[in-house]
Structures are given as structure tokens and as C-alpha cells.
Amino acid sequence: MSVLRAFIAIELPSQVCDAIQKQTSRLRQTLGNDLIRWVPTQNMHLTLKFLGDTTSSYLDFLKQLVSREADSHPQFDLQLGGLGAFPTLRRPRLLWIGIHAPADLVSLQKGIEAGATRLGYEQEERAFSPHLTIGRVRQNVNPPELQKIRAALETIQTW
């Protein structure tokens, strides 16, 4: 029985990934690869539930959970907007694009969270904050480099 590091997510259509690549190109050029490990746009996704280490025997249960929840919700559109950083702009560790969440997305995420908790996964304590991770700040960046990252996030408009 193998163990996987797993999460439940919404995969993005290729045209959305292409638009993200185009919209973030100036930010990527400004900050470069020395400060940020950029997520390839084809790997971007909207995480609904991080599961952590999961045995392969649970995959069928998880597939059933996701199918049941997805089937019980209507299709919805997502709107991208704004750049930000976790934990804060002053101490950025992760760079993200925000998502304006329709009620159906929030409801879907809550249903998946509840189902995963019933299956024995730990309940997420933090509020759902829909976003797309675009990059991770590299280790050992110095204060002037952090300032450069913050300034770029504050001045470069994407949406």
C-alpha cells in the first residue's frame, strides 16, 4: 500500500492558465527566479482541501466524495483578481492571485471539508481563502529583497 501527499483541487482550463501566464509576466520578469520559485502555470489549481499523507486505499472513497459533492452543485464561474502574499505583504512566503468566490464554490468546499472530516482527515482550522499560488519566496531572502517583492506586488496591476 503506497502513501501519497494528496489534496482535492479544481484544475484550471488551459486558456485560464495562458491568461495567468500573460497577466503575471511583468511580475515574473521584475522578480526573476532568484527570489521566487514560480509555479508553472499548467500546475496551478484551486485547492479545496489539503489532505496530507493518504494511503492509496482511500482514493476510491475520496473519488466518491468529490463526485457526490460536485454533482450536488451547479456549475459556476470563477473570477480572478488581485495579487497578494501569505502570511502578509510585509513577510511574503507565498505569492497568490485571488479568486472572487461565488456562494456555490464556498458551499462545494464546505461539503468536501465535511466529507473529508467524516473520512478521518483533520479539519482545517483556517477559513477558506480561495487563491492560486503563483510562486514561493525562496529561503534566505534579505530585507531589501523582501521590500522589492512587496513593492512589486503593490505596484504591478494584473487584473
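Rules of the game
Residues numbered from 1 in each chain as written. Predicted model: local features only at pLDDT ≥ 70, side-chain atom pairs only at ≥ 80, totals over all residues. Heavy atoms only, no water. Phe/Tyr/Trp six-rings, centres within 6.5 Å; stacked < 30°, edge-to-face > 60°. Salt bridge = Lys/Arg side-chain N within 4 Å of Asp/Glu carboxyl O. Helix = DSSP H or I, 4+ residues; strand = E, 2+ residues; numbered from the N terminus. Buried < 20%, exposed > 50% of the residue type's maximum accessible area, 1.4 Å probe, protein only. Pairing = 2+ DSSP bridges. Axes fitted to C-alpha atoms, helices over the stretch in contact; angles between N-to-C directions. Contact = heavy atoms within 4.5 Å. Expected span 1.5 Å × (residues − 1). Parallel < 35°, antiparallel > 145°, perpendicular 65-115°, else oblique. Left-handed = near helix turned anticlockwise from the far one by under 90°.

J.: Is there a simple way to think about the packing of aromatic side chains in this case?
T.: On inspection of all chains with the given rule, the structure shows 3 aromatic pairs. Ring geometry for Tyr58 versus Phe61: centroids 6.0 Å apart, planes at 65°, classification edge-to-face. An aromatic cluster of three or more residues is present, and its members are Tyr58, Phe61 and Tyr121.

J.: So what exactly am I meant to see when it comes to the pattern of salt bridges here?
T.: When charged atoms on two side chains of opposite charge get close, those side chains can pair. Summed over all chains, the structure comprises 3 salt bridges. The salt bridge involving Lys49 is made with Glu113; its shortest N-O contact spans 3.0 Å. Within this pair, whereas Lys49 is found in strand β3 (residues 45–55), its partner Glu113 is found in helix α4 (residues 103–118), the two being separated by 64 residues in sequence. For the pair formed by Lys49 and Glu113, the shared burial category is buried.

J.: Looking at this model, I keep getting lost on the sheet that holds strand β5 (residues 92–100). Mind explaining?
T.: The pairing of strands in a sheet happens through backbone hydrogen bonds and is either parallel or antiparallel. Strand order in the open sheet made by the 4 strands is β2-β6-β5-β4, with antiparallel pairing throughout. Where the open sheet ends on each side, the last strands, each with one partner, are β2 (36–38) and β4 (79–87). Here the strands of the sheet are splayed against their neighbours by 30° on average, with no regard to which way each runs. Running over the sheet, helix α5 (residues 143–155) touches β2, β4, β5 and β6 (131–137) and is turned about 10° from β5.

J.: Is there a simple way to think about helix α3 (residues 59–71) in this case?
T.: It helps to recall that an α-helix has 3.6 residues per turn; residues three or four apart then point in one direction. In a regular helix each residue adds 1.5 Å, so 13 residues correspond to 18 Å; α3 covers 18 Å between its end C-alpha atoms and thus fits that length. Of the surrounding elements, those touching the buried residues of α3 are β1 (3–11), β3 and α4.

J.: What's the story with the packing of α3 against α4 in this structure? I'm lost.
T.: Describing two packed helices takes the angle between their axes plus the distance from one axis to the other. Two elements in contact, α3 and α4, have axes separated by 10 Å at closest approach and are oriented at 150°. The pairing of α3 with α4 is recorded here as roughly antiparallel in orientation. Considering how the two elements wind past one another, α3 and α4 form a crossing that is right-handed. Between α3 and α4, the residues in contact are Leu65, Glu69 and Ala70 and Leu108, Gly111, Ile112, Gly115 and Ala116, respectively.

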